[in-house]
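Coordinate inspection notes
Letter by letter, the chains look like this.
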Amino acid sequence: MATSSITNIKSVILCKDTQISMFKEHYPYIYRCLELAKNGVFEALPNPSVGAVIVYNNLIIGEGSTSKYGGPHAEVNAINSVKNKNLLLKSTLYVSLEPCSHFGKTPPCADLIIKMNIPKVVIGITDPFSKVCGQGIAKLKQAGIEVLVGILEEECQESNKRFLTLHQKQRPYIILKWAQTQDGFIAPHSGENHKIFWISNSYSQQLVHKWRSEEVSFLVGKGTVESDNPSLTTRSWFGKNPLRIFIDRTASLDQHYTLKNGDAKTLCFTENPNTTNNKHLTYIQIDFSKNIIPQICKTLFEMQIASVVIEGGLKTLQSFIDSGYWDEARIFTSQNSINQGIKSPLLNIYSKVISQKIDSDLLTIKYR
Ligand SMILES: NC(=O)C1=CN([C@@H]2O[C@H](COP(=O)(O)OP(=O)(O)OC[C@H]3O[C@@H](n4cnc5c(N)ncnc54)[C@H](OP(=O)(O)O)[C@@H]3O)[C@@H](O)[C@H]2O)C=CC1
Ligand SMILES: Nc1c(N[C@@H]2O[C@H](COP(=O)(O)O)[C@@H](O)[C@H]2O)[nH]c(=O)[nH]c1=O
Ligand SMILES: [Zn+2]
């Protein structure tokens, strides 16, 4: 069994060990690229996080991963890390995503690879970004470089799922998240308790704060704001607060709710045109006579928000599910039962399930 990278949280990942050693054995360099890519996965957003490895005579002579948003790409960092640049002439560059071919915040990596006379490039997956989209590969091939594409494709896609979803589906990567009791409830009936009812344990709660430091935004419905008065900030982990988002059709929630306190940038989706933005809170008008979920996702895409976690409640979660707008559901199940209350969302169609114990809770991750 492999211990999770979450050091402060009691957790154990069940399975996967044999799969990982198989990847390492057959595709060690692209596997290493994926390890390197993990370094910048959240800091590079909305750009992809990529890993690059340069191999000479079966030896790794250079490595690099994507810098913070706007900084040098993995290929540049890997090439710069090679001491004896003459070795590049007989080396292979491995990279988890197609090298870029356009001038963005930095010049094209494909041009640098050509300039350094690297004779062979092995690529995990192609880049769906419209300004690259196969053109990086074409440039390399035109320069006479041997190019191999499509190694550990599923793993490369997983490593950049937020970036890929943004470009392929024109919406953020959507993570549904809720905590449920053993007997399938997410809260007691409303009205019984006007403060938050904790179901998951403190380790799970800490893990959610870690996710808040990583993912771009967190969204709740008005019912959750009224019943729980959530903060949606990162308090039990290090790092940034996410962008906070809530739905309030009439924009009638009053100022005492914590989401309006200016602790983090916050968006409210409403139909009410008579709203006043302030430094921290921006109202965005949408049409509530139509399905609001595609409208919310379109707005977030236009803002280049690469990921959103839907933290509840039932109506909001079920709306995303029923509209088919979700990628992953992270469900904490406690060992307690409450016999009655608000039933968990219904999620019938999913392709893959991973489970992990978080002390007494079971965290189940379902992929669409
Ligand atoms: N255990 C857990 O993980 C969690 C539990 N909860 C619990 O869930 C309960 C709240 O759930 P619920 O009452 O369903 O409230 P929600 O938080 O889902 O909010 C519902 C409201 O959000 C707006 N809204 C959401 N989706 C849509 C849509 N598709 N179209 C139009 N408007 C929409 C509406 O606002 P409007 O009224 O302005 O029209 C609606 O009344 C609470 O008891 C809370 O404690 C909440 C989060 C997590
Ligand atoms: N009850 C419940 C959750 N509830 C979610 O957490 C929000 C509270 O966030 P904050 O105010 O920042 O601590 C709350 O409004 C709801 O969205 N989450 C969980 O992981 N486990 C739980 O048992
Ligand atoms: Zn590049």
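Worth saying up front: this structure is predicted, and the values here are computed from it rather than measured. (Residues numbered from 1 in each chain as written. Chains lettered and ligands numbered in written order. Predicted model: local features only at pLDDT ≥ 70, side-chain atom pairs only at ≥ 80, totals over all residues.)

1. Details of the overall build of the chain
Just so we agree on the cut-off: Only DSSP runs of H or I reaching four residues or more are called helices, and only runs of E reaching two or more are called strands; each is numbered from the N terminus. Radius of gyration here is computed from C-alpha atoms only, and the compact-globule reference equals 2.2 Å multiplied by the residue count raised to the power 0.38. To sort residues by burial, count the other C-beta atoms lying within 10 Å of each one's C-beta; a count of 20 or more means buried, 12 or fewer means exposed, and anything in between means partly exposed. C-beta atoms are built from the backbone. Here contacts are defined at the residue level, using C-beta atoms placed from the backbone and a cut-off of 7 Å between them.
Each helix and strand in the chain was counted, giving 11 helices and 18 strands. Relative to the compact-globule value of 21 Å for 368 residues, the chain shows a C-alpha radius of gyration of 23 Å, a close match. Projected onto its principal axes, the C-alpha coordinates of the chain cover approximately 70 × 50 × 35 Å. The buried share of the chain, reckoned over its 368 residues, is 41%. For the chain, contacts bridging at least 24 residues in sequence account for 68% of all contacts bridging at least 6.

2. Quick word on the sheet that holds strand 4 (residues 59-65)
Cut-off, in case you're wondering: Note on pairing: two strands pair once DSSP finds at least 2 bridges between them. The axes are straight lines fitted to the C-alpha atoms, using for helices just the contacting stretch, and the angles between their N-to-C directions are given from 0 to 180°.
The sheet built from five strands is open, its strands ordered 4-3-5-6-7 with mixed pairing. Looking along the sheet, the strands with just one partner apiece sit at the ends: strand 4 and strand 7 (146-149). Sheet twist, expressed as the mean angle between neighbouring strand axes with direction ignored, is 15°. Relative to strand 7, strand 6 (residues 120-125) is paired through four bridges, and the arrangement is parallel. Bridged to V121 within strand 7 is V147. Lying on the sheet, helix 5 (residues 135-142) is in contact with strand 6 and strand 7; it crosses strand 7 at an angle near 150°.

3. Description of the site of ligand 2
What counts here: To decide whether a residue is near a molecule or strand, its C-beta atom is placed from the backbone and checked for lying within 6 Å of it. The residue classification treats Ala, Val, Leu, Ile, Met, Phe, Trp, Tyr, Cys and Pro as nonpolar and Asp, Glu, Lys and Arg as charged. All others, Gly included, are polar.
The local shell around ligand 2 holds 19 residues, among which A179, I199, D228, P230 and E311 are the closest. When residues in the shell around ligand 2 are grouped by element, the largest group, three residues, is from helix 8 (residues 202-214). Among the residues making up the shell around ligand 2, the classes are represented as 10 nonpolar, seven polar and two charged.

4. Some details on helix 2 (residues 28-37)
Spacing of three or four residues puts side chains on the same side of an α-helix, whose turn is 3.6 residues. Helix 2 sits mainly inside the fold: seven of its 10 residues count as buried. Buried within helix 2 are the following residues: Y29, I30, Y31, C33, L34, L36 and A37.

5. So, the site of ligand 1
Around ligand 1, a shell composed of 28 residues is seen, among which G221, G223, G312, G313 and S319 lie nearest. Put simply, the parts of the chain that give the shell around ligand 1 at least two residues each are strand 8 (173-180), strand 9 (185-187), helix 9 (222-228), helix 10 (292-302) and helix 11 (314-322). The element that contributes the greatest number of residues to the shell around ligand 1 is helix 9, accounting for five residues. Considering only residue class, the shell around ligand 1 consists of 12 nonpolar, 10 polar and six charged.

6. Some words on the UniProt feature "binding site: NADP(+)" (unreviewed entry) in the chain
Here is the rule: UniProt positions are given in the numbering used here, feature names are shortened, and annotations may be inferred rather than shown by experiment.
Using the residue numbers shown here, the UniProt feature "binding site: NADP(+)" (unreviewed entry) corresponds to A179, W198, T224, D228, G313, L314, K315, T316, L317, Q318 and S319. Judged by maximum C-alpha separation, these annotated positions cover 141 residues in sequence and are scattered in space, the widest gap reaching 23.0 Å. Excluding residues within four positions of it along the chain, G313 makes contact with I186, G221, G223 and T224. Relative to the assigned elements, S319 resides in helix 11.

7. As for the pairing of strand 17 (residues 352-358)
The pairing of strand 17 with strand 18 (residues 361-367) spans seven bridges and is classified as antiparallel. Across the sheet, residue I354 finds its bridge partner in strand 18, namely I365.

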